[in-house]
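Take a look at the letters that make up each chain.
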Amino acid sequence: MVKALELIYLDHAATTPVLPEVVETMLPYWTGAYGNPSSTHQAGREARMALSAARDRISAFVGCAPSELVFTGSGTESDNMALFGAAEAYRERGRHIITTQIEHHAVLHACERLEQLGYEVTYVPVDRFGQVWPNDVEAAIRPDTILISVMYGNNEVGTLQPVEAIGRLARERGICFHVDAVQALAHVPINLRELPVDLMSFSAHKLNGPKGVGALYIAKNTRVTPLLYGGAQERKRRPATENTAGIAGFAKAVEIFDRNRYEVQQKMEKLRQEMVTELERRLAPGQFVVNGHPTEKLPHILNVSFPGISTETMLMNLDLAGVMASSGSACTSGSLEISHVLKAMRLPDEVTQSAIRFSFGPGNDSGQMAAAATAVETIISRLRTKG
């Protein structure tokens, strides 16, 4: 009998497996406790209580008041709600928006649409490590600037951004500041009571919660015009029947991460370093390059280029070897695009065209790092021999 291939999942930055405890928490709200949270009868009140408990749990985790947290259908919706909502709410002050060249497409494509609607957008550059400089953001500010949007940690290379320094600039000038923290939630400490941030986006499926659930922090005195209309849910900011099961699962995932925060972070940093060490053992100097900031980084993301081997070729061969990784970039018509993040970092073509993102989760272990690195070594050796 042929032995089944052991699969190694190293794409946690794309999505994470839902923990069994999270599934168990969600199940009752699909079966027995299925009431609509807006209904006034017993079943509705039970759902409403679950919703309130989840809001309390998640808001405590990120350091904000429960009333400042709005549940959405995804991180993408949270980003869109922040950008379109703030742009509409503050348009009497001006129509200029600042963001960076390395944002997630949920922000970049929203900004492109805002440009079509008559807003002006400045896309601030980043350095070779993928980090924006506060001085460049400050230089981009104009009298008519109404919104600044900068991600907390980059989803492709893991570089952390100086959001506190940028937030202070925004506060000094009375500009609304949005932070996409979808990738950062649970991997860096977030305390919204202290951070100078007005809007912050989150998503459940990046920390072993369910897909289809997100949240947007809206600071008490921040104005956001709703994207949707039709109900009074979420204090009329996001009308729609709440996904009670998903929101309860989001809260449970947060609870688990909160309970194991230190251990998880230490493990992610250890796995990342082990992967680098294993590659160093097996590959000659110059056969791989690590992309991103060397110290200011998310612990669970490792972006590596293998010059001379295209991203698509390496990904396909890794998949055949049972290693699931990603390019970190969009897939269009079956072909991989060169990462806009790596382009913005102005890296050489041989680096941008061969980048692979490995991202780790609590279910990974040291043996898998060694196995994944061995697979890379085998692939490179085989392809170079053929060449």
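The rules behind each value
Residues numbered from 1 in each chain as written. Predicted model: local features only at pLDDT ≥ 70, side-chain atom pairs only at ≥ 80, totals over all residues. Heavy atoms only, no water. Helix = DSSP H or I, 4+ residues; strand = E, 2+ residues; numbered from the N terminus. Rg over C-alpha atoms; globule rule 2.2 N^0.38 Å. Buried < 20%, exposed > 50% of the residue type's maximum accessible area, 1.4 Å probe, protein only. Contact = heavy atoms within 4.5 Å. Areas by Shrake-Rupley, 256 points an atom, 1.4 Å probe, with all protein chains shown as cover. Lys, Arg positive; Asp, Glu negative; His and termini not counted. Charge placed at Lys NZ, Arg CZ, Asp CG, Glu CD. Pairing = 2+ DSSP bridges. Domains from an automatic or database assignment. Buried area = accessible area lost by both parts, 1.4 Å probe. Salt bridge = Lys/Arg side-chain N within 4 Å of Asp/Glu carboxyl O. Axes fitted to C-alpha atoms, helices over the stretch in contact; angles between N-to-C directions.

With respect to the overall build of the chain
1) Next: Secondary structure assignment for the chain yields 12 helices and 14 strands.
2) Next: Rg of the C-alpha trace for the chain: 22 Å, near the compact-globule value of 21 Å for 387 residues, within the 12% margin.
3) Next: Of all 387 residues assigned to the chain, the portion counted as buried reaches 55%.
4) Next: Within the chain, residue pairs in contact and separated by at least 24 positions form 74% of the contacts whose partners lie at least 6 positions apart.
5) Next: Of the accessible surface of the chain, which amounts to about 16,900 Å², a share of 52% is contributed by carbon and sulfur atoms.
6) Next: Charged side chains in the chain number 38 positive and 42 negative. The centres of these two groups are separated by 3 Å.

A look at the pairing of strand β10 (residues 301–305)
Side-chain positions along a regular strand alternate between the two faces of the sheet.
1) Next: With five of five residues buried, β10 lies mostly within the body of the structure.
2) Next: Burial along β10 is two-sided: the residues I301, N303 and S305 and L302 and V304 are all buried.
3) Next: In this structure, strand β9 (residues 289–291) lies alongside β10, joined through three bridges in antiparallel fashion. Note that in β10 the partner of V290 across the bridge is V304.
4) Next: Sheet analysis places β10 next to strand β14 (residues 355–359), joined by five bridges and oriented antiparallel. Pairing of S305 across the sheet is with A355, part of β14.

Description of the domain arrangement of the chain
1) Next: By domain assignment, the chain separates into domain 1 (8–16 + 261–385) and domain 2 (20–256).
2) Next: Once you take the C-alpha centre of each, domain 1 and domain 2 turn out to be 28 Å apart.
3) Next: Between domain 1 and domain 2, the contact holds 32 residues from the first and 32 residues from the second.
4) Next: Carbon and sulfur atoms supply 52% of the area that domain 1 and domain 2 bury against each other, a total of about 2,600 Å² over both sides.
5) Next: Put simply, domain 1 and domain 2 have zero salt bridges between them.

Notes on the sheet that holds β10
1) Next: The three strands are arranged β9-β10-β14 in an open sheet whose pairing can be described as antiparallel. A single partner strand is all that each edge strand has here, and the edge strands are β9 and β14. Across the sheet, the mean angle separating the axes of adjacent strands is 35° when strand polarity is ignored.
2) Next: The sheet contacts of helix α8 (residues 261–282) involve β9, β10 and β14, and relative to β10 the element is tilted by about 20°.

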